[in-house]
Amino acid sequence: MNRALPVVRLRVPTDEDAVAWHRVFDDPDVMEFHGGRSAELYVYEELTARQRRHDAERGFCLWTMVDEGGQVVGFTGAQPWPQDWGPTGEIEIGWRLGRTYWGQGYATAAARMTLERLRAAGVPDVVAMVRPGNQRSISVAKRLGMELAETFRHPRYNEEALCFRLPLKISHTQ
């Protein structure tokens, strides 16, 4: 049975969103596949500033996800793959939600909006890098129509990182 996805809004991250991201991600379950522990506030301050630059320069970024009541849920969006290993030169789509919002469809709804925005920006395809065992993110990638394309040896963990890929059909209106 398909259930309706929640209403979610995406916005370019503000300075205040750094504090909100820090708060909603301050949970060991949320950070399990992102280093295992919460990041310091300055990490989110730098990340939100970088995302504002990405949006201004490219027309996309990791946007702040806001629920129907105006609460920050997490982020979703895309950015150039930031590492010197893996799918270098590619655009990676990603998402991270506060634990309270898991299992409700927020990541899928927001990621679908992201794909539409990326198509409009002329991005030809996207990747999603997911650590093995992160079944929630694997499920979101598959719901988006992404397929496992390749693996890359993760330099920090003793595992192969999974690289999902999705070609984006660019709509040309006449």
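A brief report on the enclosed structure follows. (Residues numbered from 1 in each chain as written. Predicted model: local features only at pLDDT ≥ 70, side-chain atom pairs only at ≥ 80, totals over all residues. Heavy atoms only, no water.)

1. Focus: the pattern of salt bridges
- Under the defined criterion, the tally for this structure stands at eight salt bridges.
- The closest approach of N and O atoms between Arg-119 and Glu-116, which form a salt bridge, is 2.7 Å. Residue Arg-119 and its partner Glu-116 are located together in helix H3 (residues 106-120), separated by three residues, close to a single helical turn.
- Residue class for Glu-116 comes out partly exposed when judged on its relative accessible area of 49%.
- Taking the shortest distance from any N to any O, the salt bridge between Arg-131 and Glu-159 comes out at 2.5 Å. You can see Arg-131 sitting in the loop between strand S5 (125-130) and helix H4 (135-143) and its partner Glu-159 sitting in the loop between strand S6 (147-153) and strand S7 (160-167), a full 28 residues away along the chain.
- By relative accessible area, Arg-131 is classed as buried at 17%.
- Residue classification places Glu-159 among the buried residues on the basis of a relative accessible area of 16%.
- Each member of the salt-bridge network shares a partner with another, and the members are Glu-90, Glu-150 and Arg-165. (Salt bridge = Lys/Arg side-chain N within 4 Å of Asp/Glu carboxyl O. Helix = DSSP H or I, 4+ residues; strand = E, 2+ residues; numbered from the N terminus. Buried < 20%, exposed > 50% of the residue type's maximum accessible area, 1.4 Å probe, protein only.)

2. Let's talk about the packing of aromatic side chains
- Applying the stated criterion to the full structure yields six aromatic pairs.
- On the basis of an interplanar angle of 40° and a centroid distance of 6.5 Å, the ring pair of Trp-21 and Phe-25 is categorised as tilted. Both residues of the pair, Trp-21 and Phe-25, belong to the buried class.
- Aromatic side chains Tyr-101 and Tyr-106 sit 5.6 Å apart centroid to centroid with 90° between the ring planes, which places their arrangement in the edge-to-face category. Each member of the pair, Tyr-101 as well as Tyr-106, carries the same accessibility label: buried. (Phe/Tyr/Trp six-rings, centres within 6.5 Å; stacked < 30°, edge-to-face > 60°.)

3. A word on helix H2 (residues 41-58)
- End to end, H2 covers 25 Å across 18 residues, agreeing with the expected 26 Å (1.5 Å per residue, within 8%).
- Among all positions of H2, only Tyr-44, Leu-47, Thr-48, Gln-51 and His-54 are buried. When H2 is viewed along its axis, its buried side chains cluster within an angular range of 120° and face the same direction. Of the residues in H2, the exposed ones pointing more than 90 degrees away from the buried face are Ala-56 and Glu-57.
- Where H2 is buried, its residues touch helix H1 (15-24), strand S2 (62-67), strand S3 (72-80) and strand S4 (91-97).
- Positioned one or two residues after H2, Gly-59 has a phi angle of 85°, which is positive. (Expected span 1.5 Å × (residues − 1). Arc of directions from axis to C-beta. Contact = heavy atoms within 4.5 Å.)

4. Looking at the pairing of S3
- With respect to burial, S3 is a largely interior element, nine of its nine residues being buried.
- Across five bridges, S2 lies against S3 in antiparallel orientation. Looking across to S3, one finds that Met-65 is bridged to Gly-74.
- In this structure, S3 lies alongside S4, joined through seven bridges in antiparallel fashion. Residue pairing across strands places Gly-77 opposite Gly-94, the latter belonging to S4. (Pairing = 2+ DSSP bridges.)

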